[in-house]
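# Observations on the model geometry
For reference, the chains in residue letters:
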Amino acid sequence: DPGAGREALFGMFFGAAAIAQGIEYHMREVHTRGLQGDLGRAITLTRFIIAMARGERDIVAPVPVTVAIDDGLPSSFACEIMYVTTLERLVLGLRPFWGTESAPLHYASVRAAPRHWIKALPGLLRGRPNRYITPANGYESRNAHRLQLGLDSHFFVDGEIFSPTAGSPLAFSDGGSAGFLQLL
């Protein structure tokens, strides 16, 4: 729910910070060169992993966010990666969430300038936290029933970029489930 009287969005994947920046980069720099599908996504992902390791703020710029999970107190921080999904697996077979709560929304964030980025990365991509993937090092993942997010930068929902309404937090909740048929 984007608030401010705007119509609710329904989707399976929400991304902000580097996720939205990556989608824009992909469309501008990768897709326009004919690199589509998993190859194009892998190239974009690799470019952003390198940019985070090098601290290239012109590629990955942290964004200020405020997050409240379920009935918890809000937390404000500079964020490099944030996503919320109801999916169990993402593109390229990634499963980058490791919350243990029994709830439908998978939330994960990486704070600005996370510690041990390269050492944490394999566990992050598989959703299997290693000793580097801790909140103290800038990594968090939770499963939630409700999430409230204050964000002033654009965000991505299922293939489309949106802008938030200033001063109106985004509210997430489970909109139900849908079945899918996989054709081989």
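Presented here is an overview of the structure given in this document. Residue numbers run consecutively from 1 along every chain, following the written order of its sequence. Local features are withheld for residues below a pLDDT of 70 in this predicted model, meaning they are given only at 70 or higher, and side-chain atom pairs are given and counted only at 80 or more; totals for whole chains, interfaces and linings count all residues. Calculated side-chain values reflect all of the structure's heavy atoms, with hydrogen atoms and water omitted.

With that out of the way, let us pick up the overall build of the protein chain. Counting from the N terminus, the helices are DSSP H or I runs at least four residues long and the strands are E runs at least two residues long. Looking only at helices and strands, one finds three helices and nine strands in the protein chain. Taken from N to C terminus, the helices and strands of the protein chain fall in the order β-α-α-β-β-β-α-β-β-β-β-β. In this treatment the radius of gyration is a C-alpha quantity, and the globule benchmark scales as 2.2 Å times the residue count to the 0.38 power. In summary, the protein chain has a C-alpha radius of gyration of 16 Å against a globular reference of 16 Å for 184 residues, a match within 12%. Oriented by its inertia axes, the alpha-carbon framework of the protein chain measures out at about 40 × 40 × 35 Å. Only protein chains enter the accessibility calculation, which uses a 1.4 Å probe; a residue is then buried when its area is under 20% of its type maximum, exposed when over 50%, and partly exposed in between. Out of the 184 residues belonging to the protein chain, those deemed buried represent 41%. Relative to all contacts within the protein chain whose residues are 6 or more apart in sequence, the contacts with residues 24 or more apart total 65%. The contact criterion used is simple: two residues touch if any of their non-hydrogen atoms lie within 4.5 Å.

On to the nonpolar core. Among the buried residues, those of types Ala, Val, Leu, Ile, Met, Phe, Trp, Tyr and Cys that are joined through side-chain atoms within 4.5 Å form a nonpolar core. Of all hydrophobic cores here, the largest spans 27 residues; its most connected members are Val-60, Ile-81, Trp-117, Leu-124 and Tyr-139. Counting 22 residues, the second-largest nonpolar core is a separate cluster that includes Met-82, Ala-144, Leu-151 and Phe-155.

Taken together, the buried positions of helix H3 (residues 117–126) are occupied by Trp-117, Ala-120, Leu-121, Gly-123 and Leu-124. The inward-facing, buried residues of H3 contact helix H2 (37–54), strand S3 (75–85), strand S4 (105–111) and strand S5 (139–144). Positive phi appears at Gly-127, one or two residues downstream of H3, with a value of about 75 degrees.

This part takes up the layout of surface pockets. Buriedness for pockets is judged along seven lines, at least five of which must meet protein on both sides within 12 Å for an open set on the 1 Å grid over protein atoms alone, while cavities are sets there where a 1.4 Å probe fits but cannot get out, and lining residues have an atom within 4 Å of a point. Grid points are joined across faces, edges and corners, and a volume is the space filled by probe spheres set on the points. Volume-wise, the largest pocket comes out at about 900 Å³. In terms of lining, the largest pocket is formed by 32 residues, of which the most central are Phe-13, Ile-19, Ile-23, Leu-45 and Val-91. For the lining of the largest pocket, the elements supplying multiple residues, two or more each, are helix H1 (18–30), H2, S3 and H3. Of the residues contributing to the lining of the largest pocket, the split by class is 25 nonpolar, four polar and three charged. Approximately 680 Å³ is the volume attributed to the second largest pocket. For the lining of the second largest pocket, the elements supplying multiple residues, two or more each, are strand S1 (13–17), S3, strand S7 (155–157) and strand S9 (170–173). Counting residues per element, the lining of the second largest pocket draws most heavily on S9, at four residues. In this classification, the charged set is Asp, Glu, Lys and Arg, the nonpolar set is Ala, Val, Leu, Ile, Met, Phe, Trp, Tyr, Cys and Pro, and all remaining amino acids, among them Gly, are polar.

With that settled, consider the packing of H2 against H3. Note on geometry: axes are C-alpha line fits, over the in-contact stretch for helices, and angles between N-to-C directions span 0 to 180 degrees. Relative orientation of the contacting elements H2 and H3 amounts to 145 degrees, with a least axis distance of 10 Å. Between H2 and H3, the contacting residues are Ile-49, Met-52 and Ala-53 on the first element and Trp-117, Ile-118 and Leu-121 on the second. Its residues placed into classes, the contact of H2 with H3 shows six nonpolar, no polar and no charged.

Relative to the helices and strands, Gln-21 is located in helix H1. A relative accessible area of 14% means that Gln-21 is categorised as buried. Here the side chain of Gln-21 touches Ala-61 through a polar contact of 2.8 Å, landing on its backbone oxygen. Every residue in contact with Gln-21, bar those within four places of it in the chain, is listed here: Phe-48, Ile-59, Val-60, Ala-61 and Val-63. Counting of polar contacts relies on pairs of N or O atoms within 3.5 Å, with two restrictions inside protein: one atom must be capable of donating a hydrogen and the other of accepting it, and residues adjacent in sequence are counted only when both atoms are side-chain atoms.

With that settled, the discussion passes to the packing of H1 against H2. Here H1 crosses H2 at 125 degrees, and the two axes come no closer than 10 Å. Comparing their axes, H2 and H1 come out oblique. As H1 runs across H2, the sense of the crossing is right-handed. Contact residues: Ala-18, Gln-21, Gly-22, Tyr-25, His-26 and Val-30 in H1; Gly-40, Arg-41, Ile-43, Thr-44, Arg-47 and Phe-48 in H2. Any angle between 65 and 115 degrees counts as roughly perpendicular, while under 35 counts as roughly parallel, over 145 as roughly antiparallel, and the rest as oblique. Throughout, a crossing is termed right-handed when the near helix is turned clockwise from the far one, and left-handed when it is turned anticlockwise from it by less than a right angle.

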